[in-house]
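The chain contents come next:
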Amino acid sequence: MTPVTEIRRTRLGFGVSGPHAERWFSAEKLTALVRQAYEGGICDFDCAPFYGDGLAEERLGAALNSIDAGDARISSKTGTRRSGRRVEKNFSEKAIREDLAATLGRLRRDRVDILYLHGPTRAQVRECAPLLRQLRTEGLIDAFGICGEGAPLDVANVEDYGALMGAFNFADRRHDDAFARARRRGVTTTAIAPLAQAVYDRDFYRLATPSGMWKALRRLAKGDASSQQRALRMREVLEQIRDRTPAQAALGFVLGSENVSVAMTTTSSHAHLADLLAVQDQPLPAADFERLRRAHLDRDSARA
C-alpha cells in the first residue's frame, strides 16, 4: 500500500454509517475499509451519534487511531436522537453539548472539524448559531454547518455557517443553487448520496448477503418509486460513458460539478471502494459530463 507520508488528499470523502454501525458488520472490516480509504487519499470522514446509537463514531475513532490517521478531518452531527424506535429532534443547548461531549469521547479527540446541525428548521438554524460560535471559541469544533435539505441550506448561507451538506447526484440536483451561493462565499459544500443510492445498479435488488439486504431495504425506504424509476432510466445514460463503470460515471459527475467541495460516499465493499478511488482524480470528459447534465430531470421532485 502507499506509505501514508506520500498520500495525496482528494475531494472524495468516506461516510461511516448504515451497515458500518450494525453489530453484524464487523469492526475489523470497517477498520480495513477506513485504512483503504485513507491510504487511497481520503481525508474527510463523516459519522453521527445516532448511527448505531454511537457505534459508528466509536468504530471510526478506533479505526483512525489504529492506523495513526491524525490528520484525518472528521465531521459529525447533532440534533437527532433515538428514543427506542422513535427518532426525535432536540436542538437545545443541553442536548447539543451532550451530543458533542459523547461524540468527542467516542472519536477519541478533543475537537471535531465540522459539527452539523442535522435536519434543522430555518428557525433552529438561527437559534443555534450563537451556541455553535461559542463551541468554536471553546475549541471544541473548528467549524459548524447544516446537514439537511431545502430552505435551511439557504439560511445557512447568511448565518456564519461554514459548511453545507445535502444530497446531490446525477439524478438529484435540488441543492445546486444553494451550493453555488455557498461556494461563492467560500463555504464548504459536501454532496451526500453522490451515487444516488446506486439504484441504477443491476444488482439493486440482490439480497444474497446481510449487507445487500440492508442496502436494498434502505434504498426502498429512502426514495419514492418515481425517483427510483427516474434513476433506473438514467442507467442507460450512465452505461454510455466509455471506460467507466456506472458508479465511476456517477461519481465523476459530482466531482465535476464546480459547486461541490467534497463527495461523501460510503460502501461496505472493498472492491466498490477501489472502483471509486481509481477515478477520483480523473475528470469525467467534458462531453460525458454534458450528456449527464442534460439528461432529463424533474428538478422539483427529484429525490433519488
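Before reading on, note that the structure itself is shown above.
Residues numbered from 1 in each chain as written. Predicted model: local features only at pLDDT ≥ 70, side-chain atom pairs only at ≥ 80, totals over all residues. Heavy atoms only, no water.

## Focus: the overall build of the protein
Argument step 1. Across its full length, the protein holds eleven helices and ten strands.
Argument step 2. Counting over 304 residues, the protein shows a buried share of 53%.
Argument step 3. Once local pairs closer than 6 in sequence are excluded, the contacts in the protein between residues at least 24 apart make up 76%. (Helix = DSSP H or I, 4+ residues; strand = E, 2+ residues; numbered from the N terminus. Buried < 20%, exposed > 50% of the residue type's maximum accessible area, 1.4 Å probe, protein only. Contact = heavy atoms within 4.5 Å.)

## Concerning the sheet that holds strand β3 (residues 73-78)
Argument step 1. The parallel closed barrel is built from eight strands, whose spatial order is β1-β2-β3-β6-β7-β8-β9-β10. Taking each pair of neighbouring strands and ignoring which way they run, the sheet shows an average axis angle of 30°.
Argument step 2. Sheet analysis places strand β7 (residues 141-147) next to strand β8 (residues 163-167), joined by three bridges and oriented parallel. Looking at the pairing, I146 lines up with L164 of β8.
Argument step 3. In this fold helix α1 (residues 27-39) packs onto β1 (12-15) and β2 (44-46), with an angle of close to 170° to the strand it touches most, β1.
Argument step 4. In this fold helix α4 (residues 122-137) packs onto β6 (112-118) and β7, with an angle of close to 165° to the strand it touches most, β7. (Pairing = 2+ DSSP bridges. Axes fitted to C-alpha atoms, helices over the stretch in contact; angles between N-to-C directions.)

## Thoughts on the nonpolar core
Argument step 1. Within the largest apolar cluster, 77 residues are counted, with the highest numbers of intra-cluster contacts made by F14, V34, F45, L60, L64 and Y161.
Argument step 2. The element that contributes the greatest number of residues to this core is helix α9 (residues 246-255), accounting for seven residues.
Argument step 3. In this structure, L60 is in contact with V16, L30, V34, F45, C47, I74 and L107, ignoring residues within four places of it in sequence.
Argument step 4. Core analysis: the next-biggest nonpolar cluster, separate from the first, contains five residues, I114, C147, A163 and M165 among them. (Core = buried A, V, L, I, M, F, W, Y, C linked by side-chain atoms within 4.5 Å.)

## Observations regarding the pairing of β8
Argument step 1. Buried residues dominate β8, accounting for five of its five residues.
Argument step 2. As for the winding sense of the linkage, the β-α-β connection from β7 through helix α5 (residues 151-156) to β8 is right-handed.
Argument step 3. Here five bridges tie β8 to strand β9 (residues 188-192), and the two strands are oriented parallel to one another. Paired with L164 across the two strands is T189, which belongs to β9. (Right-handed = clockwise from strand over helix to strand, strands pointing away.)

## Comments concerning the packing of aromatic side chains
Argument step 1. If you walk through the whole model with that rule in mind, you get seven aromatic pairs.
Argument step 2. Where W24 meets F25, the ring centres are 6.3 Å apart and the plane angle is 75°; that geometry is what we call edge-to-face.
Argument step 3. Here W24 falls in the partly exposed class, since its relative accessible area comes to 40%.
Argument step 4. You can call F25 buried: its relative accessible area is 4%.
Argument step 5. A centroid spacing of 5.0 Å and a plane angle of 20° characterise the contact between F253 and F289, whose relative ring orientation is stacked. (Phe/Tyr/Trp six-rings, centres within 6.5 Å; stacked < 30°, edge-to-face > 60°.)

## Here we look at the environment of G40
Argument step 1. Mapped onto the secondary structure, G40 falls in the loop between α1 and β2.
Argument step 2. Excluding residues that lie within four positions of it along the chain, G40 makes contacts with T10, L277 and Q280.

## What to know about helix α2 (residues 55-66)
Spacing of three or four residues puts side chains on the same side of an α-helix, whose turn is 3.6 residues.
Argument step 1. In a regular helix each residue adds 1.5 Å, so twelve residues correspond to 16 Å; α2 covers 16 Å between its end C-alpha atoms and thus fits that length.
Argument step 2. Of the surrounding secondary structure, the elements contacted by the buried residues of α2 are α1, β2, β3 and α3 (93-107).
Argument step 3. The first or second residue beyond α2 is D68, which carries a positive phi of 55°. (Expected span 1.5 Å × (residues − 1).)

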